[in-house]
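# Architecture at a glance
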Amino acid sequence: MRRSVKKKTSSPKKRAPKRALKKPSRKPVKKSKKKLLSTVVAAKPAESPAQSTWVDDRVPQYYGEDKLVLMVRDPWWLFAYWEITPGRQKQLAHEIDKKEGGDRKTVLRVYDTSGGLALPRFNSFFDIELNVYSDNWYIDTGMPDREWVAEIGYRTASGRFFPLVRSNKVRTPAFGISEVLDEEWMLPDEIYYRLIGRSLSTNVSGNSMDIRKLLEKYLKNVVSSENTPELSKKGL
Amino acid sequence: MSQGYLSLVLHAHLPYVRHPEHERFLEEEWLYEAITETYIPLFKTFEALKRDGVHFRITMSMTPTLLSMLTDPLLQSRYVKHLERLIGLSEKEVHRTKNDPQFAPLARMYSDLFHEAHHIFCDRFGRDLTRGFRQFMESGELEIITCGATHGFLPLMDLQPEAVRAQIQTAVRTHERILGRKPRGIWLPECGYAPGIDKILKEAGILFFIVDNHAIVFGTPRPKFGVFAPVYCKTGVAAFGRDLESSKSVWSAEEGYPGDASYREFYRDIGFDLDYEYVKPYLNGDGTRIHTGIKYYRITGNSHKQPYDPGYAAQKAAEHAGNFLFNRVKQMEFLAPLMGQKPLVLSPYDAELYGHWWFEGPQWLGYLLRKIHFDQDVVETLTPVEYLERHPRNQVVTPTMSSWGYNGYSEVWLNGSNDWVYRHLHKSVERMVESANRFAQPAEHERRALNQMAREVLLAQSSDWAFIMKTGTHSSYAVNRTKDHLQRFTHIWEGLSKNLIDMPALERIESVDNLFPDIDYRVYASTN
């Protein structure tokens, strides 16, 4: 059941939300058993909703492991969260210092591994520079229907990259009408787009791009499940 | 001979909310309101149709959490108390308005509705409303399908297939225990699909699932008939896509029927409108004003609210049902010749839209099904399973990852307000899988601990919590529920791992989070 839902959301497609998170304390898992059965504990006040939700003794901040997880938000955006133990960071920093001195930056390196590639093989990559306090990131890949793997590591002044941790592999969904045709089930284009157009609105015809635009409009505005409660507000 | 098929799907779901530790609990009222305002009115609609010899077919998902709450003795007895309080209030209202020609009939209407609900709930079904729906399932009008065990959003779980499998297997088991039959179809929570999930559905014996329009239209290869015929995944499980044109006429805030000025206004409730001392005994424990369910005004427009007129509203519902059918007839007549076969239009809705939000919704549904039966022969209602029986040959297409949420993908459940949960959910699943693999032959107390851990993981995964965090209302409740289940999980897991299970705590947790009594933690074991 949906209750008091806001129709408008403010999550622009092309801006990575950067969050100022509290400095990681690297504490081991806390074991508080006091509030085992409580459900009505008020959330602690904090500067932002993002902080208030996870600063709490019922769940630890980190689990004391080296881990990077990629998740798919939509055809263009991925979400990554991670934790890297201080031990792992020190160990790698030490190795790098033995080879070359100078500055190094912590970066999230995102590889396009489409076509079933596995690192060290990849098609291309891009880097996102991280500050030491971040432990999650929304990644704008801009590319539907591709496969991705990420690493967090140090990039040295000479441009060499030393990975600390590697993620799982994900695939962004395709966006748009497939170019893959199934001969046994083909329809002439003209009939096809009248048919697909009808699934969006009455008497729409056109080509793949028109249909795609219409569908985008629908997905964003008209029929998402969040709209329901707004119905009753209409007369207010 | 009809020219096309209409498949109406109602998704009935509420998250598991049960707080024996409090005498009254605000969020428990979600269930009580839904029983009075949606589930009983839908039951009455189906019963009246059947009594009048109307042939109809409806598909309804009843989620495992909803089925569990509807069959829980504590919640059943609390609902009766709630309803009896409401009957008391409605009788007071009959008395208060007796000299007011506009409001007296409305007060009487609510009083009658609540008395009737009491009769249906207590006298006819012995407090177990699932029996009411089960009879239509057995006689074939109603196809009841399942959902994820706790409505977990599966695309954000799919890096751990064991988590998806546990949601599905536990759902199937619960459905069969309560309804006496294995489900043939599933409403994927939030219509959330990602390629590969169908493999786990297949293992569970599920024949079909429902997805949003773009899951099919953007599928590979290009689907010949768009959403007007189902497709098979490579596993042979069928995917049915949502038709947007028919959805829009009910869902849309701008164009949808429920916003019509003659319908009842949801937001004008005597819980807010009447003198505080008068309504106070009927408010929830802390005395905050809430909806009582007694609402006297119609939507009206932007001006002064007019009193509700049930006769006028019923006429409007009939008119809207006629309009919906007219548009489906046009749609079928357009599609059938293009396709060279009968099109299928699948229209899914949240069940709670009907009756709870849109008071006249169940009436509208009744009128629609009567008109389809008596007034025309172009459109015929049928269930997805019946479609597959009549048209077993369908194209093989892999749908795309998608959902029916805002923007069509995972954003509603993965954004700055709720993304923190996944670090913990994934860790719990990892520990759960590892424990399930390790304890192949557990002692009895270990088995109980493992089963309760499984319940806690599932409860923490409800998509409702992430959704509520996103929308803001009740968000502290959603945050607390997530953390409580995670904490309970971790506490039991630590005890199990150290061979020091805290039995008194385990028993307390079992008594509070008591759903899925026959759960088997081994659903989390790795299969390869």
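## Observations regarding the sheet that holds strand E1 (residues 67–72) of chain A
Residues and elements named next belong to chain A. On the basis of which strands lie adjacent, the open sheet formed by 3 strands has the order E1-E2-E5 and antiparallel pairing. Strands at the two margins of the open sheet, each flanked by one partner only, are E1 and strand E5 (136–140). Between one strand and the next, the sheet's axes are offset by a mean angle of 20°, whatever the strand orientation.

## Remarks on the packing of helix H12 (residues 310–339) of chain B against helix H13 (residues 361–374) of chain B
Residue and element names in this part refer to chain B. Look at H12 against H13: their axes get within 8 Å of each other, and the N-to-C directions meet at 50°. Considering the angle they form, H12 stands oblique to H13. When you trace H12 past H13, the crossing you get is right-handed. Packed against H12, whose contacting residues are Ala314, Ala317, Ala318, His320, Ala321, Gly322, Phe324 and Leu325, the element H13 presents Gln363, Trp364, Tyr367, Leu368, Lys371 and Ile372 at the interface. For the contact of H12 with H13, the residue count by class is 10 nonpolar, 3 polar and 1 charged.

## Digging into the packing of helix H18 (residues 475–497) of chain B against helix H19 (residues 503–512) of chain B
Working note: a packed helix pair is described by the angle between its axes plus the distance between those axes. Residues and elements named next belong to chain B. Remark: H18 packs on H19, axes separated minimally by 11 Å, with the N-to-C direction vectors making an angle of 145°. The chirality of how H18 crosses H19 is left-handed. Residue-level contacts link Arg488, His491 and Ile492 of H18 to Ala505, Leu506, Ile509 and Val512 of H19. Along the lines of polarity and charge, the residues of the contact of H18 with H19 split into 5 nonpolar, 1 polar and 1 charged.

## Concerning the environment of Val110(A)
Residues and elements named next belong to chain A. For Val110, the position within the fold is in strand E3 (residues 104–112). Under the relative-accessibility criterion, Val110 is labelled buried at 0%. Sequence separation between Val110 and Thr141 is 31 residues; the distance between their C-alpha atoms is 8.6 Å. Apart from the residues lying within four places of it in its own chain, the contact partners of Val110 are Ser124, Phe125, Phe126, Ile139, Trp148, Val149 and Ala150.

## Observations regarding the side chain of Ser403(B)
Residue and element names in this part refer to chain B. When you line up the elements, Ser403 lands in the loop between helix H14 (384–390) and helix H15 (421–438). A residue is classified by how much of its surface remains accessible, and Ser403, at 0% relative accessible area, is buried. The residues contacting Ser403, other than those within four sequence positions of it, are Phe153, Glu190, Cys191, Gly192, Asp212, His214, Gly408, Tyr409 and Trp413.

## Remarks on the pairing of strand E1 (residues 4–12) of chain B
Residues and elements named next belong to chain B. Taken across its 9 residues, E1 has 9 buried, putting it largely inside the fold. Along E1, one buried face is formed by Gly4, Leu6, Leu8, Leu10 and Ala12 and the opposite face, lined by Tyr5, Ser7, Val9 and His11, is buried too. Here E1 runs beside strand E9 (residues 379–381); their pairing, made up of 3 bridges, is parallel. Opposite Leu6, over in E9, you have Thr381 as the bridge partner.

## Points about the nonpolar core
Formed by 234 residues in total, the largest nonpolar core has its most connected members in Leu108(A) and Trp364(B). Composition of this core by domain shows at least three residues from each of domain 1 (4–71 + 128–264 + 308–407) and domain 2 (415–524) of chain B. Leave out the neighbours within four places in its chain, and Leu108(A) touches Leu68(A), Trp82(A), Phe126(A), Asp127(A), Ile128(A), Leu130(A), Trp137(A), Ile139(A), Ala150(A), Glu151(A) and Ile152(A).

## A look at the confidence of the model for chain B
A residue-level look at chain B finds 100% of positions with pLDDT of 70 or above and a mean pLDDT of 95. In the predicted assembly, ipTM is 0.94 and pTM is 0.90.

## Examining the environment of Pro155(B)
All names here are of chain B. Mapped onto the secondary structure, Pro155 falls in the loop between strand E3 (142–145) and helix H6 (161–179). Among the residues examined, Pro155 registers a relative accessible area of 9% and is labelled buried. The sequence separation of Pro155 and Glu21 amounts to 134 residues, and the corresponding C-alpha distance is 34 Å. When sequence neighbours within four positions are dropped, the list of residues in contact with Pro155 reads Gly192, Tyr193, Ala194, Ile197, Met401, Ser402 and Ser410.

## Overview of the domain arrangement of chain B
Residue and element names in this part refer to chain B. Structurally, chain B comprises domain 1 (4–71 + 128–264 + 308–407) and domain 2 (415–524). Distance from the C-alpha centre of domain 1 to the C-alpha centre of domain 2: 29 Å. Between domain 1 and domain 2 lies a buried interface of about 2600 Å² when both sides are counted; carbon and sulfur atoms form 58% of it. Taken as a group, Tyr16, Thr150 and Gln160 account for 22% of the area that domain 1 buries against domain 2, more than any other trio of residues on that side. With its nearest N and O atoms 3.3 Å apart, the salt bridge here joins Asp518 to Arg177. Where domain 1 meets domain 2, there are 16 residue pairs in polar contact (both at pLDDT 80 or more). When residues of the side of domain 1 that touches domain 2 are assigned to their parent elements, the largest contribution, 10 residues, is made by H6. Grouping the amino acids of the side of domain 1 that touches domain 2 by side-chain chemistry returns 15 nonpolar, 12 polar and 8 charged.

## Topic: the environment of Glu277(B)
All names here are of chain B. Topologically, Glu277 is positioned in helix H11 (residues 276–279). The class for Glu277 is exposed, based on a relative accessible area of 57%. Distance in space between the C-alpha atoms of Glu277 and Leu154 is 47 Å, their sequence separation being 123 residues.

So, how was this worked out
- Residues numbered from 1 in each chain as written.
- Chains lettered and ligands numbered in written order.
- Predicted model: local features only at pLDDT ≥ 70, side-chain atom pairs only at ≥ 80, totals over all residues.
- Heavy atoms only, no water.
- Pairing = 2+ DSSP bridges.
- Helix = DSSP H or I, 4+ residues; strand = E, 2+ residues; numbered from the N terminus.
- Axes fitted to C-alpha atoms, helices over the stretch in contact; angles between N-to-C directions.
- Parallel < 35°, antiparallel > 145°, perpendicular 65-115°, else oblique.
- Left-handed = near helix turned anticlockwise from the far one by under 90°.
- Contact = heavy atoms within 4.5 Å.
- Nonpolar A, V, L, I, M, F, W, Y, C, P; charged D, E, K, R; others polar.
- Buried < 20%, exposed > 50% of the residue type's maximum accessible area, 1.4 Å probe, protein only.
- Core = buried A, V, L, I, M, F, W, Y, C linked by side-chain atoms within 4.5 Å.
- Domains from an automatic or database assignment.
- pLDDT = per-residue confidence, 0-100.
- Buried area = accessible area lost by both parts, 1.4 Å probe.
- Salt bridge = Lys/Arg side-chain N within 4 Å of Asp/Glu carboxyl O.
- Polar contact = N/O pair within 3.5 Å; in protein donor to acceptor, adjacent residues only side chain to side chain.

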